[in-house]
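# Notes for the structure review
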Amino acid sequence: MDDVASMERVRVAILSDTHGAIDSRVQEVVGTCDLAVHGGDIGRASILAQLQPRLGRVLAVFGNNDVARKWPEEDRRLLVHLPEWLEQPLPGGSLVLIHGHQVPARDRHRLLRGRFPNARVIVYGHSHRLVLDDAREPWVLNPGAAGRSRTHGGPSCLVLIATSGQWQVESYRFALSVPKGGLRYTCHHDKTQPITTQTAQIATASGRARDR
């Protein structure tokens, strides 16, 4: 049995689509969690090294941009170790992680649910849009983009809190900084507070968020 699955309560940081840069405020959220999962389009090996969850465990899959020609030469050895998808047992069920480019956007949630029907949560990336589809099980979650590329309003991430009897998700989106030179993303920690929302318990989930 996986040691994480045997824990009473697990906090999982969920992020994706860093494309070689990660917002420091997302890093801070990761530091409050037990483990972290990255949904692909990582960009370089040091991104994963910058993630420091409490258990020191970081899981990742490859995205469509995680290819040798787009990674620094010295980092390319890591690419062969990134799976297409993975499953992580947690208290009360399992989390499946995949980038999502393998299935078309229009039917992505339906197709992912059909491919991984036994998961409790399916996490994907690729669209760079934060999505909480908790209309039915398995939940389908997208943490949005955690770096500087196409964040659609600011870098974001999710935190899944799993116990044997209840799962819930917190979402974090951070504000952009707007210096005189134009719009850009904050590259260092500031005092901006995240916009935080929390889903209902998985047993009483309601509502549907469409993927785009």
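Residues numbered from 1 in each chain as written. Predicted model: local features only at pLDDT ≥ 70, side-chain atom pairs only at ≥ 80, totals over all residues. Heavy atoms only, no water.

### Things to note about the sheet that holds strand S4 (residues 85-90)
Heads up, the condition is: When DSSP finds at least two bridges between two strands, those strands are taken to pair. Elements are defined by DSSP. Helices are runs of H or I of four residues or more, strands are runs of E of two residues or more, and each kind is numbered from the N terminus. Working convention: axes come from line fits to C-alpha atoms, limited for helices to the stretch in contact. Angles between N-to-C directions cover 0 to 180 degrees. Contacts between residues were defined by any pair of non-hydrogen atoms, one from each residue, lying within 4.5 Å.
Strands sit in the order S4-S5-S6-S8-S7 across an open sheet of five strands; the sheet is mixed. The sheet terminates laterally at S4 and strand S7 (130-133), the two strands that pair on one side only. Recorded for the sheet is a direction-independent mean angle of 20° between the axes of neighbouring strands. Where S7 and strand S8 (residues 139-143) come together, four bridges link them in antiparallel fashion. Within S8, the position partnered with Asp133 by the bridge is Val140. Most of the contacts of helix H3 (residues 108-115) go to S8, to which it runs at about 120°, and overall it touches S4, strand S5 (93-98), strand S6 (121-123), S7 and S8.

### Description of the pattern of salt bridges
For the record, the criterion: We define a salt bridge as a contact between a side-chain nitrogen of Lys or Arg and a carboxyl oxygen of Asp or Glu at a distance within 4 Å. Burial classes: relative accessible area under 20% of the type maximum marks a residue as buried, over 50% as exposed, and values in between as partly exposed (1.4 Å probe, protein chains only).
Summed over all chains, the structure comprises seven salt bridges. Notably, a salt bridge pairs Arg115 with Glu84, separated by 3.7 Å at the nearest N-O pair. Remark: Glu84 occurs in the loop between strand S3 (57-60) and S4 and Arg115 occurs in helix H3; sequence separation between them is 31 residues. Its relative accessible area of 38% is what places Arg115 among the partly exposed residues.

### Observations regarding unusual backbone geometry
Between Glu137 and the following residue, Pro138, the backbone shows a cis peptide bond with an omega angle of -10°. Within the secondary structure, Pro138 sits in the loop between S7 and S8. Phi angles above zero are rare outside glycine, and Asp41 is one such case at about 55°. Note on placement: Asp41 falls in the loop between strand S2 (35-38) and helix H2 (45-49). For Asp41, a relative accessible area of 2% puts it in the buried group. Located in the positive-phi region is Arg150, a residue other than glycine, with phi close to 50°. Structurally, Arg150 is set in the loop between S8 and strand S9 (156-163).

### Focus: helix H1 (residues 24-31)
For clarity, the threshold we go by: Counted as a polar contact is a pair of N or O atoms within 3.5 Å, where, for protein atoms, one must be capable of donating a hydrogen and the other of accepting one, and residues adjacent in sequence contribute only when both atoms are in side chains.
Burial in H1 covers these residues: Ser24, Arg25, Val26, Val29 and Val30. Elements in contact with the buried residues of H1: strand S1 (9-15), S2, S9 and strand S10 (167-173). With a side-chain oxygen positioned 2.9 Å from the backbone nitrogen of Arg25, the residue opening H1 is Asp23.

### Considerations on the environment of Asp41
With 22 residues separating them along the chain, Asp41 and His19 place their C-alpha atoms 5.5 Å apart. Residues in contact with Asp41, not counting those within four places in the same chain, are Asp17, Thr18, His19, Gly63, Asn64, Asn65, Asp66 and His99.

### Remarks on the side chain of Asp66
The condition that has to hold: Under the convention used here, Asp and Glu are negative, Lys and Arg are positive, and both His and the chain ends fall outside the count.
As for its placement among the helices and strands, Asp66 is situated in the loop between S3 and S4. Buried within the structure, Asp66 lacks any salt-bridge partner; Lys70 is the closest side chain of opposite charge, at an N-O distance of 9.0 Å. In this structure the side chain of Asp66 is engaged in a polar contact, spanning 2.9 Å, whose partner is the backbone nitrogen of Ile42. Excluding anything up to four places from it in sequence, Asp66 contacts Gly40, Asp41, Ile42, Gly43, Val61, Trp71 and Leu79.

### Side note on the environment of Leu95
Looking at the secondary structure, you find Leu95 in strand S5. Sequence-wise, Leu95 and Arg120 are 25 residues apart; in three dimensions their C-alpha atoms are separated by 6.1 Å. The residues contacting Leu95, other than those within four sequence positions of it, are Ile14, Val37, Leu86, Glu87, Gln88, Leu90, Val121, Val123, Leu160 and Trp167.

### What about the confidence of the model for the protein chain?
Threshold: The pLDDT value expresses, per residue, how confident the predictor is, ranging between 0 and 100.
Of all residues in the protein chain, 83% have pLDDT values of 70 or greater, and the mean over the chain is 86. Taken together, the stretch residues 179-212 has pLDDT below 50 and engages in 78 contacts with residues farther than four places along the chain or on a different chain.

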